[in-house]
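Summary of the model geometry
Residues per chain are reported as follows:
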There are 2 protein chains.
Amino acid sequence: MHKQSFWIWHYGDYEIFHTMELNLRREVREKPYPPFWRLSTPNVSVKFTKDFNCENNTKITVHANGEGYVSINAEKFSFNEEITLQKGSYTITVNVFKKVGLPSIFVESDIIPSNGSWYSKLSDSNKPMPVGFDTYYDSIEKNPETFSFEYSEIAPISAEIISDGVLYDFGKETFACLNIDYADSNQKMSVYYGESREEALDFEHTYILENISKSSYYRLKSRAFRYIFIKGATTSLKVTADYEYLPLKYRGNFCCDNQLFNQIWETSAYTFHLNCREGFMDGIKRDRWIWQGDAYQSSKINNYLFFDDAIEKRTAIGILGNEPFCEHINTIIDYTLFWIIGLYDYYFTHGDITFIKNIFPKAEKLMEFIESRLNDEGFIVGRSGDWTFIDWSDIDKTGAISAEQMLLIAVYNSFAKIKQALNLDPAKELEKAKTLTEKVNYFFWDSQKGGFIDSYESGKRNVTRHANIFAIMYGIATPKQIESIKNNVLKNDNITKITTPYFEGYELDVLGKLGEYCYIENMLENYWGGMLKLGATTFWEEFDPTKNGIEHYAMYGGKYEKSLCHAWGANPIYLFGRYYLGVYPTSPGFETFKVEPNLGGLKKFEGTVPTKNGEVKIYLDSTHLKVTATQSGGTLIFNDKKYALEKNKELIIEVI
Amino acid sequence: MHKQSFWIWHYGDYEIFHTMELNLRREVREKPYPPFWRLSTPNVSVKFTKDFNCENNTKITVHANGEGYVSINAEKFSFNEEITLQKGSYTITVNVFKKVGLPSIFVESDIIPSNGSWYSKLSDSNKPMPVGFDTYYDSIEKNPETFSFEYSEIAPISAEIISDGVLYDFGKETFACLNIDYADSNQKMSVYYGESREEALDFEHTYILENISKSSYYRLKSRAFRYIFIKGATTSLKVTADYEYLPLKYRGNFCCDNQLFNQIWETSAYTFHLNCREGFMDGIKRDRWIWQGDAYQSSKINNYLFFDDAIEKRTAIGILGNEPFCEHINTIIDYTLFWIIGLYDYYFTHGDITFIKNIFPKAEKLMEFIESRLNDEGFIVGRSGDWTFIDWSDIDKTGAISAEQMLLIAVYNSFAKIKQALNLDPAKELEKAKTLTEKVNYFFWDSQKGGFIDSYESGKRNVTRHANIFAIMYGIATPKQIESIKNNVLKNDNITKITTPYFEGYELDVLGKLGEYCYIENMLENYWGGMLKLGATTFWEEFDPTKNGIEHYAMYGGKYEKSLCHAWGANPIYLFGRYYLGVYPTSPGFETFKVEPNLGGLKKFEGTVPTKNGEVKIYLDSTHLKVTATQSGGTLIFNDKKYALEKNKELIIEVI
């Protein structure tokens, strides 16, 4: 009887392989649409190795995804060959190559089953490092090149004959492989995908379509849709779909007296789940790419819903890719900075020091790249080809801009803490953070305007909300500055409003910190509630109440280019968890954490927030507060009083 | 009528793709055998771009090796689609990705045919660079993933029935695809390849074999062999082969009064041709890998036979591969150093500044890597995993060893000259070469022993020929030191002899410089002549006259692991061209060159040496010297007299 084995690969290759596959799946009207940034590929040739002692005679069989050979104490064997070993000590090296694919092995053995105890290297000149593996791939049949999705059959709720075809409505947004059966193989058909009914019927502009013929059964690629129109179809067709999803455990929940808010929470959870796949996707229809800015916000949502660390790691490894790091992540300056900030956030929330150890060498290289982009003042600036994004807004992007410097300060502080976690000296980064903060205040703080200006080089002294929001988010602004920003920028209607839900996510986070519950609840009601009123089954990339009809679906110059299922639309999950239930870690991995529940404008709520090794259940109404934490280290803060939370013991407080 | 188009790719991808393919073709008894170093892969996603004006309406069709789309002024089109453009100015971008292979395009157009005027980039954040292309790929049908080999049918000169099969002798070593026709498809057969008759018949030890069945016709992979034994074959089989070769033009030749030497020259030329493929191979049977040390010597031979610059570039680009450069080439310290030295040699001989410009950014990165491997003294030393090779000999490899430092001095000087050629300041490198030379003399020169010692750290003060040979090769030793090395090292029988033909190549080069013709002719007679006496049709990896029978075929512990067709075995081509015909450049690209013919121990010879833009024909006997150069800039040096060579004018000198 063999011990449990898993497929193993060179650390990082699995994530880089699946990120490459994902990034290359985007299509526009039957045209493949690769990303505009450099793509990393997995390594083509890997050596897996392990030293071991064999007490009794034993048999070993090496299976491989790729070509090559097995070497045991320099004797060569083939893959799939049963190798018999006598008592003795051995070094096994498995040489595997696969020209783009995922070189990996599965070793059947009762003494050296393939698992995390194996090592791999790309060259005999490398120091072997621990392999990567995923417990999902626990049998020879489960090829790690096939991602670990699960499937469940779904059927349309209606089929409507329209002119020369049939329109199928699946009732809500989904992501699935369409199955078309009992087709006439002589009949050419065109399949139009629509997130909206209008898109499915607008043949000239449908974003995704596929022409099919010559078969009586079709199984199409997994794609996003609610409506499917099949031109040339008759009702005699059998049309179903296999919903493709990641089996994630819902660990967080929230329920309150406001039914709209509950519906918003549920719809956010579904929206987010659809976007949690190989990594954190931005939206399931159009890009299907991983964008670091979107992923950074998805992490915050994940922490209050799934608390899944695997997807966080897949996203971070996959989007960073392989060296050399000679361009910004997604070509965007701010996104490179968010990668470092997000890395520490991940460690602080999930307390996963093993991952930090594994990724640190690459993180250091990314820091080197960041510092290669600084000007003489030590400010990060855009070089030719760099995209200074921050937000779609009227930010003055002349020279060094304050919003990027705020992120750079956060980067230095985050990297310093990462080094501390690894027992390395953080002095250099802390010093840089300090110096940069002083410079930022000197060059960008405008005491007349009571906020940070975008650029000092242009002389325009334009103020936008963005840098000021970051200054509060990352604890850069002093209490005095925060007060000033609140009154002169955030609550100042003459300062351009945030128009994108992406940056609105940051603004709401800051307003939450500042206790502006009223503003948050108005947003929930009008912005998210507004989408639900229009029948949204998942939250959109953007929503403007002043638009009408199909205007809502237009974006980036395309009639239906807006994503109607966009990860950042699920932000309410974070808002309810972080500012209503009020749970957050105060040391890495929730070793200590705080619970600061707040009713805001609600009458009552109850909910659960997942923690590293447990969860916190909270019930709050006008008369009672009940809190139970299944992990120790918690401190309840309520009405300016502190209460230690005992593990598994419900704490009940009467609200006076 | 369209203008001539060529397949184009991202610069370097073609060479890296074919080097990867080549390196992954090694096999040992049906087991694939990947290299032990890190393999580079071509880029998976490339954007080809060009700005152009269109005077009249025109049609363009883009063909691609890969998936993606065409964008012209932001409008999207498909591959193979005839695109009609009106008068106007345009930017075309072709987005192509291919997961396994070489992303490349072929554009049919009368205004923007795909050729060297196109640019490509890996990311929108990159500055586009000129594409790579090869005039061989001049039609849609010629896929650049198929290397530009040519084929000619060859047949065995004998078929001999032996026990249960037939032995075919092709008369001489070759590299070909075997064709087996009129086979009984129910008959399982085993094909054994042999560079020697013994190997083909030694079924347990044949290095390359293939089991075949279930067909009446087989075409096997291209492999090296002279003999083929097919177990299970009958004489009713039709066995032929397609000789696979690169159509290289023989530009150099040599003929003298010594018939053995002429046979050595011819056999060397054939041996070398067989090894000139995607790049300079070490040997055609066993490794089929590109080793920088071997390639460095192949360049010297190429310069006197084919003068083919394309193979030099393919080798340099392919073996260097893609960043990051975090290990030595082939994991060997000396080989990384030879890459830089060889790069300048290539420029000096072929005067190809375009290539130097293209490769310089990577060359700089390689220099950074080299300098990351220096110790506090500025000596290059082996770090964990690095292979300090130099030669298979009893070199004292303790700490910093002198042979590597000699190469490092040459690297600094070569890189300085490369920078000069690019109008960059070479001061830094020249200073380093000077300082390092002083240190090497201080730490390694032993005046008692009259030569350079291997290591000063061990205290053994062991002297081998290697560092001393390099010291003379690279002009590091002073005239006084050269004289001392000659007497105390090279001509000192107590100093271990060079036993490998690899390093013998360097020793003979130095002895040629020192005018030791007698030694060279003895080597030709006994070493190369010795192989011919044993019936060699190509020159071997190594030859030891004291061995007998199949002992000659053993190496690295394998009964037939020695390569019987090894590139460095062709070294006589270089010796005759460089030291007998005596032609060599004295400034980049043969703008000036010298002709120093020397009869050595010969009665007469005539021959041709190719130059950048012509050739030099030389006839010399005891009474006359005749020299014709078809390129200007030549100076004849004969009997201590100098004569300017006029282009295309024969110069005749009476030998007194």
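Before going into details, it helps to say that this report is about the structure given with it. (Residues numbered from 1 in each chain as written. Chains lettered and ligands numbered in written order. Predicted model: local features only at pLDDT ≥ 70, side-chain atom pairs only at ≥ 80, totals over all residues. Heavy atoms only, no water.)

**Here's the deal with the overall build of chain A**
Along chain A, the regular secondary structure elements total 14 helices and 31 strands. Relative to a compact globule of 656 residues, whose C-alpha radius of gyration would be 26 Å, chain A shows 27 Å and is just as compact. In terms of principal-axis extent, the alpha carbons of chain A reach across some 80 × 70 × 60 Å. Sorting the 656 residues of chain A into buried and exposed places 61% on the buried side. Looking at chain A alone, contacts between residues at least 24 apart form 70% of all its contacts between residues at least 6 apart. Surface summary for chain A: the accessible area is close to 25200 Å², and the carbon and sulfur share equals 48%. (Helix = DSSP H or I, 4+ residues; strand = E, 2+ residues; numbered from the N terminus. Rg over C-alpha atoms; globule rule 2.2 N^0.38 Å. Buried < 20%, exposed > 50% of the residue type's maximum accessible area, 1.4 Å probe, protein only. Contact = heavy atoms within 4.5 Å. Areas by Shrake-Rupley, 256 points an atom, 1.4 Å probe, with all protein chains shown as cover.)

**A short note on the interface of chain A and chain B**
Listed as interface residues are 37 residues of chain A and, on the opposing side, 37 residues of chain B. Interface area for chain A against chain B, summed over the two sides, is near 3400 Å², with a carbon-plus-sulfur share of 64%. Three residues stand out in chain A for area buried against chain B, namely Lys31(A), Lys99(A) and Ser125(A), and they jointly supply 17% of the buried area on that side. Here chain A is connected to chain B by two salt bridges. Glu21(A) is the partner of Lys99(B) in a salt bridge, and the nearest nitrogen-oxygen pair spans 3.1 Å. One can count twelve residue pairs in polar contact (both at pLDDT 80 or more) joining chain A with chain B. At the level of elements, α1 (13–23), β3 (31–32), β4 (45–54), β6 (67–72), β7 (75–77) and β9 (88–97) of chain A are the ones that each hand at least two residues to the side of chain A that touches chain B. With three residues, the single largest contributor to the side of chain A that touches chain B is β6(A). Of the residues in the side of chain A that touches chain B, the class split is 16 nonpolar, eleven polar and ten charged. (Buried area = accessible area lost by both parts, 1.4 Å probe. Salt bridge = Lys/Arg side-chain N within 4 Å of Asp/Glu carboxyl O. Polar contact = N/O pair within 3.5 Å; in protein donor to acceptor, adjacent residues only side chain to side chain. Nonpolar A, V, L, I, M, F, W, Y, C, P; charged D, E, K, R; others polar.)

**Digging into the packing of helix α6 (residues 333–350) of chain B against helix α8 (residues 402–421) of chain B**
Residues and elements named next belong to chain B. Look at α6 against α8: their axes get within 9 Å of each other, and the N-to-C directions meet at 35°. Seen along the crossing, α6 lies across α8 with a hand that is left-handed. Contact residues: α6 offers Ile333, Asp334, Leu337, Phe338, Ile340, Ile341, Leu343, Tyr344 and Tyr347, while α8 offers Glu404, Leu407, Leu408, Ala410, Val411, Ser414, Phe415, Lys417, Ile418 and Ala421. For the contact of α6 with α8, the residue count by class is 15 nonpolar, one polar and three charged. (Axes fitted to C-alpha atoms, helices over the stretch in contact; angles between N-to-C directions. Left-handed = near helix turned anticlockwise from the far one by under 90°.)

**Topic: the environment of Asp345(A)**
Residue and element names in this part refer to chain A. Residue placement: Asp345 occurs in helix α6 (residues 333–350). The class of Asp345 is partly exposed, set by a relative accessible area of 29%. Once the C-alpha coordinates of Asp345 and Lys513 are considered, the two residues, 168 residues apart in sequence, prove to be 17 Å apart.

**Re the pattern of salt bridges**
Considering all chains together, one arrives at 68 salt bridges over all chains under this definition. The salt bridge partner of Lys419(B) is Glu429(B), with a shortest N-O separation of 3.2 Å. Note that Lys419(B) is positioned in helix α8 and Glu429(B) in helix α9 (residues 427–444), a separation of ten residues in sequence. Across the pair, exposure class does not vary: Lys419(B) and Glu429(B) are buried alike. Counted as one network, the salt bridges with shared partners bring together Arg26(A), Asp282(A), Arg286(A), Asp287(A) and Glu541(A).

**Here's the deal with the relation of the copies chain A and chain B**
Each copy superposes on the other: chain A lies on chain B with an RMSD of 0.1 Å after a rotation of 180° and an axial shift of 0.0 Å. What the superposition gives is, in effect, a two-fold axis relating one chain to the other. Mapped onto chain B, 100% of the interface residues of chain A are again interface residues, and the two copies thus contact each other with one and the same surface. (Least-squares fit on C-alpha atoms with pLDDT ≥ 70 in both.)

**As for the pairing of strand β29 (residues 634–638) of chain B**
A regular strand places its side chains so that they alternate between the two faces of the sheet. All names here are of chain B. With respect to burial, β29 is a largely interior element, four of its five residues being buried. Examined bridge by bridge, strand β25 (residues 593–595) and β29 share three bridges and lie parallel to one another. In the sheet register, Lys594 faces β29, and the bridge partner there is Thr635. When β29 meets strand β30 (residues 641–644), the two strands line up antiparallel, connected through four bridges. Within the sheet, the bridge partner assigned to Phe638 lies in β30 and is Lys641. (Pairing = 2+ DSSP bridges.)

**Some words on the sheet that holds strand β31 (residues 651–654) of chain A**
Residue and element names in this part refer to chain A. Strand order in the open sheet made by the five strands is β21-β26-β27-β28-β31, with antiparallel pairing throughout. What marks the edges here is a single partner per strand, and that holds for β21 (253–256) and β31. Pairs of neighbouring strands in the sheet enclose a mean axial angle of 10°, with direction left out of account.

**With respect to the environment of Pro128(A)**
Residues and elements named next belong to chain A. In this fold, Pro128 is placed in the loop between β11 (119–121) and β12 (129–130). We classify Pro128 as partly exposed; its relative accessible area is 31%. Pro128 sits ten residues away from Trp118 along the chain, and the two C-alpha atoms are 9.2 Å apart. In contact with Pro128, other than residues within four places in its own chain, are Thr49, Tyr119, Ser120 and Lys121.

**Considerations on the state of the cysteines**
Residues and elements named next belong to chain A. Here the structure, examined in full by the defined rule, presents zero disulfides over all chains. Free cysteine Cys177: the closest other cysteine sulfur is in Cys565, separated by 16 Å. A relative accessible area of 6% places Cys177 in the buried class. Of the cysteine sulfurs around Cys518, a residue in no disulfide, the closest is that of Cys256, at 15 Å. (Disulfide = S-S within 2.5 Å.)

**Here we look at the sheet that holds strand β5 (residues 58–65) of chain B**
Residues and elements named next belong to chain B. Read from one edge to the other, the open sheet built from five strands follows the order β8-β5-β10-β1-β13, with strand pairing classed as antiparallel. Strands at the two margins of the open sheet, each flanked by one partner only, are β8 (82–85) and β13 (132–133). In this structure, β5 lies alongside β8, joined through four bridges in antiparallel fashion. Paired with Thr61 across the strands is Glu82, a residue of β8.

**Some thoughts on the layout of surface pockets**
Empty space within the second largest pocket amounts to approximately 1000 Å³. Along its surface, the second largest pocket is lined by 46 residues, and Arg26(A), Tyr33(A), Arg286(A), Tyr556(A) and Glu561(A) are the ones closest to its centre. Every element with two or more residues in the lining of the second largest pocket is listed here: α12 (501–513) of chain A together with β6 (67–72) and β9 (88–97) of chain B. Residue composition of the lining of the second largest pocket, by class: 21 nonpolar, nine polar and 16 charged. (1 Å grid on protein atoms, 1.4 Å probe; cavity = no way out; pocket = protein on both sides within 12 Å on 5 of 7 lines; lining within 4 Å. Points joined across faces, edges and corners; volume = space filled by probe spheres on them.)

**Quick look at helix α1 (residues 13–23) of chain B**
Three or four residues apart is the spacing at which side chains of an α-helix point the same way, because the helix has 3.6 residues per turn. Residue and element names in this part refer to chain B. A large share of α1 lies buried, amounting to eleven of its eleven residues. Within α1, the full set of buried residues consists of Asp13, Tyr14, Glu15, Ile16, Phe17, His18, Thr19, Met20, Glu21, Leu22 and Asn23. At its buried positions, α1 is contacted by β1 (8–9), β4 (45–54), α5 (309–320) and α7 (353–371).

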